[in-house]
Structures are given as C-alpha cells and as structure tokens.
Amino acid sequence: SSGILVETVLNVVIVEKVKYTEIDWMAYMSEVEGFLNGTHDYTQLKGGTGPLVYPAGFVYFFSGLYYLTDKGQNIRLAQYIFGFFYALFYGLVVSVMAKTKAVPPFILLFFTFASYRIHSIFALRLFNDPVAMLFLYLSLAFLIEKRWLLGCAIFSLAVSIKMNVMLFAPGLAFILIAETGFLRTCIYIGICGAIQLLLGLPFLMENPIGYIKMSFDLSRQFFFKWTVNYRFLPEEIFHSRYFHVSLLALHISLLIGLFVLRWRKLPRPLTPRSILLVLMSSNFVGIACARSLHYQFYVWYYHSLPALLFSTRLPVPLVMLVLGCVELCWNTYPSTVLSSSVLQACHAIGAIALLAPPRQVRPVEVRDKGC
C-alpha cells in the first residue's frame with residue numbers, strides 16, 4: 001500500500017511538473033468519435049495518425065475516456081486518469097510478484113523509481129499499451145491462482161485493447177493444456193474467441209472483412225525512424241520481407257526451444273511462479289524477435305524482466321548490468337546504432353539464459369480453482 005501511495009504522489013508530480021507531449025491521444029479520440037457518431041465500418045474510422053488498427057475493446061474503453069475528458073479535450077484530467085491506472089497497475093505487479101516470489105524484495109523498489117520512460121508512457125503520452133497491460137496483469141493475478149475462466153476472459157479483454165498481448169498466448173496454451181487437459185483448453189480458447197466475437201459484433205455486422213483486416217493486421221509496416229531495436233540495420237533490410245520471415249522463424253524456434261528445454265520439464269502441478277515465468281518468457285521471446293519496437297512498447301515487458309532474469313543462472317551482477325543497459329537503451333532518444341545494438345545484445349543474453357536450466361527455487365503450490 002505504501003508503494004501505491006508513493007506511485008500516486010509521483011504521478012501527480014509528473015503530471016504537474018513535466019510537459020505533456022501529444023502523440024496519439026487526439027488520434028484515439030478522433031477514431032472513437034467516428035464510432036460514437038454511428039460509423040461501424042472499421043475502414044472508415046480514422047485519426048490524425050491514420051486508420052484505426054486496434055480491436056473493438058480499444059474503441060469501447062477509449063469511448064469511455066472520451067466522455068470522461070470532455071471529448072478528449074481535458075488532457076490534464078486524462079493524465080490524472082492514466083496516473084490512477086499506473087497506481088492500479090503497480091499494485092497488480094507487486095501483488096503478482098509477491099505471491100509468486102519471482103523477484104528479490106529489493107527489486108520491487110526498482111519498479112517504482114528506476115524508469116522514467118514507463119511513467120512517461122502512462123501519464124505523459126496516454127498510450128493504449130499500458131491499458132492493455134493493466135488488463136493483462138489483472139489476468140495474470142487470476143491465472144497464477146489457477147482461476148482459469150476469469151484469467152482467460154480478462155486475457156481476451158486485454159487482447160481486445162491491443163494485439164501485442166497475443167505474445168503471451170503460446171505460454172497460456174501450454175499452461176492450460178498442462179493443467180486442465182486438451183478438452184478444457186479448447187473450451188477456454190472458445191470463451192476467449194466468443195468474447196472477441198461479441199465485442200466486434202457491431203463492426204463484423206457492418207464490414208466483417210474490414211474489421212478483421214484493420215484490427216488484427218499482422219502485416220503492418222513500421223517506420224524506420226521510430227525503431228528502438230533495429231537502428232543498426234540498413235533501412236532496406238529493415239523493410240525486407242525476408243528479414244521479417246527470418247524473425248518469425250526465429251520466434252517459432254525460440255518458442256519450441258522453451259517448450260522442449262524448459263516448459264515441459266516443469267514439475268506438475270505447475271506452481272504460481274512457474275505459471276508466471278512461462279507466460280513472461282513466451283512474451284519475452286516475441287519481443288526479442290519483433291520486427292520493430294517503439295518507445296511505448298517498453299511497458300510490454302519492463303516489469304517482467306527482473307523476474308525472468310533472476311529465474312536464470314545468470315550471476316546477479318550480470319542481471320543488474322543487463323537491466324541497467326536495457327533501461328538506458330529505452331531512454332536513448334532518438335535511438336542510435338549503439339543503443340539498438342546493446343538492446344538486442346541484452347535480448348540475446350536473456351533468450352539464451354532462458355533456454356538454459358533454471359535457478360533452483362523452493363516450490364509453492366496452489367490448487368486449481370477452475371473459475
């Protein structure tokens with residue numbers, strides 16, 4: 001509770017003292033305004049940065065913010081709302097880490113004070129990424145308690161805010177099969193799909209192809225000028241389809257490696273810590289193989305990095321060095337050849353360490369609670 005209080009105060013100070021930077025907020029507001037004015041054809045929903053490219057949950061959530069902030073014009077109120085989101089998010093992260101004993105206690109302070117970039121993503125930029133991750137960590141809070149129905153339902157809501165949450169899906173599928181069996185896993189996946197169908201129904205009825213293409217488009221091109229992780233590449237290689245296919249192949253290979261070398265060897269029943277690390281490692285290798293990372297994407301894995309690295313056999317000084325280098329790279333703006341090279345080197349160290357035998361810990365079990 002003291003950490004949440006500190007985070008609340010810290011976010012108030014940031015909102016009051018640091019200048020807000022407009023990037024996507026007004027575009028979000030324009031996109032949902034079209035929906036609120038009666039447009040259900042997803043191809044016609046646009047903002048200042050281009051067409052709407054997020055699933056339906058984003059539209060509903062930010063429509064609520066549209067009304068709360070006087071059609072998006074009261075940006076200071078929006079900042080305070082996102083500061084409140086961060087306090088909730090921090091509380092969920094600390095709760096999940098404490099229940100799973102995934103990190104040493106002193107690392108919890110690291111979450112509070114170490115990253116200006118993370119606070120900026122919430123309170124100074126108002127991106128949808130932290131909203132998706134707020135739902136994701138709420139899902140994790142239920143999944144580590146083996147409350148599969150609630151965990152999967154909220155996971156699907158997180159996906160409906162932004163598709164990056166799907167990077168956790170391979171790990172979630174493994175956990176569900178390992179803990180509940182194939183048939184029940186299919187039921188849970190069906191529930192996740194039904195939620196997506198229900199949320200997207202108004203848009204699917206109007207233009208189904210347009211909705212699916214715009215909100216779940218995996219072939220989007222990213223601008224080279226915004227890349228954090230591949231500044232060291234020539235731009236033509238960055239945009240090359242062969243490069244993208246190579247990254248996809250590497251991603252699949254790393255997931256197979258995690259399954260063969262780590263996940264399938266975990267003792268049954270899975271402990272809360274094992275559940276958490278499977279999900280986080282699934283997400284991490286996806287990020288490490290991403291075609292491009294933008295600054296707001298840091299929130300996708302920042303809070304999971306200590307848990308992942310401390311689960312490996314890497315010596316503590318090297319873990320702290322990697323965490324420090326990652327933080328410096330994400331705070332280098334604009335990215336440089338050096339910063340992106342170091343970031344990818346840190347990702348490589350993390351991926352290799354995760355494939356090796358883990359650090360031994362004392363297991364803590366929890367019974368399957370079903371819902």
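Remember, predicted model here, so these are calculated numbers, not experimental data.

A. Highlighting the nonpolar core. Residues Phe62, Tyr137 and Trp330 are the most contacted members of the largest nonpolar core, which totals 113 residues. Tallying contributions element by element places helix H4 (residues 75–100) first for this core, with 11 residues. The contacts of Tyr137, once residues within four sequence positions are left out, are Phe89, Leu92, Val93, Val96, Met97, Met280, His303 and Ser304. Counting residues in hydrophobic clusters, the runner-up holds seven residues, among them Phe222, Leu233, Phe238 and Leu247.

B. Just the pattern of salt bridges, in detail. In total, this model carries four salt bridges according to the counting rule given. Of the charged contacts in the structure, one is a salt bridge between Arg76 and Glu16, with a shortest N-O distance of 3.5 Å. Of this pair, Arg76 sits in helix H4 while Glu16 sits in helix H1 (residues 2–17); the two residues are 60 residues apart in sequence, bridging distant segments of the chain. Residue Glu16 is classed as partly exposed on the basis of its relative accessible area of 42%. In this structure, the salt-bridge partner of Lys99 is Glu145, at a minimum N-O distance of 3.7 Å.

C. Structural view of empty space enclosed by the protein. What the rule picks out here adds up to one cavity of 30 Å³ or more. Space inside the largest cavity adds up to approximately 30 Å³. Lining the largest cavity, in full, are Phe284, Leu305, Leu309, Val322, Val326, Cys346, His347 and Gly350. Those elements giving two or more residues to the lining of the largest cavity turn out to be helix H15 (305–310), helix H16 (316–330) and helix H17 (337–355). Here the element with the most residues in the lining of the largest cavity is H17; it accounts for three residues.

D. Looking closely at the state of the cysteines. Throughout the structure, instances matching the rule amount to zero disulfides. We note that Cys152 lacks a disulfide partner, and the nearest cysteine sulfur, in Cys192, lies 4.7 Å from it. On the basis of relative accessible area, Cys152 is assigned to the buried category, the value being 1%. Free cysteine: Cys186, not disulfide-bonded; nearest cysteine sulfur from Cys192 at 12 Å.

E. Layout of the side chain of Lys162. Relative to the assigned elements, Lys162 resides in the loop between helix H8 (148–161) and helix H9 (169–180). Within the local environment of Lys162, its side chain forms a polar contact with the side chain of Asp129, the two groups lying 2.7 Å apart. Once you skip the residues sitting within four places of it in the chain, Lys162 turns out to touch Tyr54, Pro55, Asn128, Asp129, Ala132, Phe297 and Trp300.

The rules we used
- Starting from 1, residues in each chain are numbered consecutively following that chain's sequence as written.
- Residues qualify for local features only when their pLDDT is at least 70, as the model is predicted, and side-chain atom pairs are given and counted only at 80 or more; totals for whole chains, interfaces and linings, by contrast, use all residues.
- Side-chain descriptors were evaluated using all non-hydrogen atoms of the structure, hydrogens and water having been removed beforehand.
- Residues belong to one nonpolar core when they are buried, are Ala, Val, Leu, Ile, Met, Phe, Trp, Tyr or Cys, and are joined through side-chain atoms within 4.5 Å.
- Working definition: with a 1.4 Å probe on protein chains only, accessible area under 20% of the residue-type maximum means buried, over 50% means exposed, and in between means partly exposed.
- To qualify as a helix, a DSSP run of H or I must reach at least 4 residues; to qualify as a strand, a run of E must reach at least 2; elements of each kind are numbered from the N terminus.
- Contacts: residue pairs with any heavy atoms within 4.5 Å of one another.
- Between Lys or Arg on one side and Asp or Glu on the other, a salt bridge is scored when a side-chain nitrogen of the former is within 4 Å of a carboxyl oxygen of the latter.
- Within this scheme a cavity is a closed region of a 1 Å grid, computed over the protein atoms alone, that accommodates a 1.4 Å probe without allowing it to escape, whereas a pocket is open but has protein on both sides within 12 Å along at least five of seven lines; lining residues each have an atom within 4 Å of a point.
- Grid points are joined across faces, edges and corners, and a volume is the space filled by probe spheres set on the points.
- Any two cysteine sulfur atoms lying within 2.5 Å of each other are counted as a disulfide.
- Polar contacts, as counted here, are pairs of nitrogen or oxygen atoms within 3.5 Å of one another; within protein the pair requires one atom able to donate a hydrogen and one able to accept it, and residues that are adjacent in sequence qualify only if both atoms are side-chain atoms.

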